[in-house]
Amino acid sequence: MSKLRKWLCTSLLTVVATAPVMAGSDDAVPANNGTGTNATAAEPAPTPALNPTSAINNSNVTALLGVLVMKGVLAPSEANAIQGAAPEAEFQLLVEALTRKGLLSAADVAAATPAAQPAATAVSESVASPATQSGQAATTPMTPQMEKPVPRTVVAAIAPVRVNPVDPPVKDGLVAAFKLGPVKMTPYGFIKATVVHDSSDPRGDDFVLPGFLNADTGPSTDPAFHVKARSTRFGANLEWPDISPKIELTGRIEGDFEGNFSRADNRNVSAVRSSMASIRLAFARLDYAASDNTDLYFEGGQDWVLYGSTILPNILETTQLQAYFGTQYERSPQLQFGLVQKLGGSRNWKFSPAFALSMPSEGNVPADATITSCAIPATFVPGTATTIGCTSAVTDGTANQLGYGERQGSDSNNLEYSARAVLQFQLDPAPAVAPAYIMASGFETHRAAIVLHSAIAAPAGSDAAEVAAYDAVKAAFPTGAEDRSEGYGGQVGVSLPTRWATVVASAYRGGDLRFMFGGQTLSYFSDAGGLTGVVTAPTIDRSGTGTIAFGTNAAGQIVVAPQRAIRAYGGFIQLGLPLSRWFNADPKGHNAGWQLYFNHGLDAVVHSDFAKAKDIGADGAGPYRSTLNALTLFYRLNPWVQFGFEESLYSSYALPNNAGVFTPNTSVAGIPSRTWRDLRSEFGPIFTF
């Protein structure tokens, strides 16, 4: 195999090096006036520099790079680095890369280098014709061969954010920064620092959640400044060796510093700048090339879920990434199975279905609670004054959250299921344009809330009738009770890059979308319709609504009120404009990185579900709907440094009470309001590595 690769590289190098010479001056690049190579005599065994006057067409180098990546000789990152160099240096860098890999020797390079061609005469020459030689005055002018300028490569079109790509990894494609034994590892990440101003920040966060989650903002809209560095991200790509040419083993570990803030004696005062590192991704993947057109894969670990995450916006605010304002995504532990099938055709069609078994999650974390219960003493005589004894128990929700995160998903004794199907194709065949996606995804999960028998007790202050009602429920459920609900969602989306603009859009609908960052943070509600004598008891973890409702139905039976998923819908659309490509900027210059985005997002709850969940009557409630309108401008100074500016308007809406009046629990600056708004500005640099 190594001899075959060496022969292939030498042959391709020879073709590329000699193609401009054989093609004639119309395909030749003007002679390079630079030094041609950075190698010095002090370097051991330098790669022989090719004759700088040899005309090498950049399009030939680009074609060769594509072949070498496809064959697994070069990694995509190596090819990108070569293409990112100055035009006159690309070919020499390619030669050096192949020499480092042991695929070319000095003799190979010398054999592949064409002889220098005489420079074309810059002025017209008169060549004597036979008539001139015979004494006649006529001459035949010789027109010099003019060199045709090589078209400059173009600025890349806007590539959509794709955390769940279709294309499988290339065999031996990872260029290792270092090795852990036989395992290749390449670190990556970015350092991000931004300054943020919110016109309304009632929760004190450095990211945005829907309004009206707090009853009021205080005497003002509560504007705030933040300076963020905790969005900084770090990770590493991994690749394991395998003797089979059909098997590729890869993995990724990624984290950030957007975890909880510290509580320690040496950091209490400075807790606001001491956020914890936390896991984002940790997975390994096995790909099996069943044929040239079919790739089967298995993945295990924490990765982006199949539902929602395939279609995402490109915005500067990445802590929430438009959560509860129109995006659906998550990262979760899972076992994923998939297929990538090449269908061919002029558009390079590919189809990729996938299925995953995930950790059942629904996003309701344990809550603090003080549970007081009372019981009627056995000596109670109706009509006489009797002292009712009460006891209290304190539940530390924070301690429970630190201990196990959440439990209602796993208590359901069901796995979470998700699936995705993507059709990938080349919508625009122009250079440097990513392929397009048309996709659909969905998920289904369950949750369960548990009430202990001992927790079914009348609260303090109950009268005798209430105490009797609780005793009846306790008798009807001698071992406690359980209530369940289902979470589900469906999404369709498109990702359409072209040379002129990139459009990314997603639409979703489902129930209990809280964990997927939809449904205005709501999860479920207890539907007590048709029941009488309704009482509630606290769940074991107090998460979500924190209670289960009991009541008597029309048949006279004491039953658990069914819990139902709160239905929601939404989506987003983003238009990205490659400004630098529009204005034909030099792709290797400092003006090659201008991009402009317009974004609109919506997340809303079905009105009837919201009214029942919030028990709208004398009081109104919010938010039932939130929108985002944003403008984002990115400027890339070079491949490693980017600056971003984002101006966004986040809005949330409340419903009035039954009389059509907005009530104090939906106040902004002390005034009952229908609408909450946050005009947010964010600016800062991002340094990638």
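Analysis parameters
Residues numbered from 1 in each chain as written. Predicted model: local features only at pLDDT ≥ 70, side-chain atom pairs only at ≥ 80, totals over all residues. Heavy atoms only, no water. Pairing = 2+ DSSP bridges. Helix = DSSP H or I, 4+ residues; strand = E, 2+ residues; numbered from the N terminus. 1 Å grid on protein atoms, 1.4 Å probe; cavity = no way out; pocket = protein on both sides within 12 Å on 5 of 7 lines; lining within 4 Å. Points joined across faces, edges and corners; volume = space filled by probe spheres on them. Nonpolar A, V, L, I, M, F, W, Y, C, P; charged D, E, K, R; others polar. Axes fitted to C-alpha atoms, helices over the stretch in contact; angles between N-to-C directions. Phe/Tyr/Trp six-rings, centres within 6.5 Å; stacked < 30°, edge-to-face > 60°. Buried < 20%, exposed > 50% of the residue type's maximum accessible area, 1.4 Å probe, protein only. Lys NZ or Arg CZ within 6 Å of the ring centre and 35° of its normal. Polar contact = N/O pair within 3.5 Å; in protein donor to acceptor, adjacent residues only side chain to side chain. Contact = heavy atoms within 4.5 Å. Expected span 1.5 Å × (residues − 1). Arc of directions from axis to C-beta.

1. What to know about the pairing of strand β24 (residues 567–577)
For step 1, the next point in the chain: With 10 bridges joining them, strand β18 (residues 502–511) and β24 adopt antiparallel strand pairing. In the strand pairing of β24, T502 is matched with G576.

2. Considerations on empty space enclosed by the protein
For step 1, the next point in the chain: Considering all chains together, one arrives at four cavities of 30 Å³ or more under this definition.
For step 2, the next point in the chain: In this structure, the largest cavity encloses a volume near 110 Å³.
For step 3, the next point in the chain: Surrounding the largest cavity, 16 residues form its lining, D201, P202, R203, L209 and W676 being those nearest its centre.
For step 4, the next point in the chain: Residues belonging to the lining of the largest cavity are distributed by class as follows: eight nonpolar, three polar and five charged.
For step 5, the next point in the chain: Empty space within the second largest cavity amounts to approximately 60 Å³.
For step 6, the next point in the chain: The wall of the second largest cavity is formed by I158, A159, P160, V161, L312, N314, T502, V504, Q574, G576 and Y597.

3. Focus: the sheet that holds strand β22 (residues 558–560)
For step 1, the next point in the chain: Read across the open sheet, the three strands follow the order β20-β21-β22; overall the sheet is antiparallel. What marks the edges here is a single partner per strand, and that holds for β20 (532–538) and β22. On average, adjacent strands in this sheet sit at an angle of 25° to one another, irrespective of strand direction.
For step 2, the next point in the chain: Relative to β22, strand β21 (residues 547–552) runs antiparallel, the two sharing three bridges.

4. Quick notes on the pairing of strand β16 (residues 436–451)
For step 1, the next point in the chain: Both strand β15 (residues 416–425) and β16 contribute to a ladder of nine bridges, which runs antiparallel. Residue pairing across strands places L423 opposite I438, the latter belonging to β16.

5. Concerning the packing of aromatic side chains
For step 1, the next point in the chain: Scanning the entire structure with this criterion turns up 14 aromatic pairs.
For step 2, the next point in the chain: Here F643 and F683 contribute two aromatic rings whose centre-to-centre distance is 6.5 Å and whose plane-to-plane angle is 15°, an arrangement assigned as stacked. Of this pair, F643 sits in strand β27 (residues 641–655) while F683 is found in strand β30 (residues 675–688), placing the two residues 40 residues apart along the sequence.
For step 3, the next point in the chain: For F643, a relative accessible area of 29% puts it in the partly exposed group.
For step 4, the next point in the chain: Among the residues examined, F683 registers a relative accessible area of 42% and is labelled partly exposed.
For step 5, the next point in the chain: Cluster of aromatic residues (ring-pair linked, three or more members): W304, Y324, Y329 and F517.
For step 6, the next point in the chain: A cation over an aromatic ring shows up here: R331 above the ring of W304, its NZ or CZ 4.9 Å from the ring centre.

6. A look at the side chain of R280
For step 1, the next point in the chain: The residue R280 is located in strand β9 (residues 278–289) in this model.
For step 2, the next point in the chain: Residue classification places R280 among the buried residues on the basis of a relative accessible area of 4%.
For step 3, the next point in the chain: Among the polar contacts listed, one links the side chain of R280 to the side chain of D256, at a separation of 3.2 Å.
For step 4, the next point in the chain: Among all residues touching R280, those that are not within four sequence positions of it are R233, E254, G255, D256, Q302, W304 and R331.

7. Observations concerning helix α9 (residues 464–476)
For step 1, the next point in the chain: Taking 1.5 Å per residue, 13 residues should reach 18 Å; α9 reaches 18 Å between its end C-alpha atoms and fits that length.
For step 2, the next point in the chain: Burial in α9 covers these residues: V467, Y470 and V473. Angular distribution of buried residues about the axis of α9 spans 120°; they occupy a single face of the element. Seen from the open side of α9, the exposed residues pointing more than 90 degrees away from its buried face are A465 and A475.
For step 3, the next point in the chain: Elements that come into contact with the buried residues of α9 comprise β20, β21 and β22.
For step 4, the next point in the chain: The opening residue of α9, the one whose side-chain oxygen lies 3.2 Å from the backbone nitrogen of A465, is D463.

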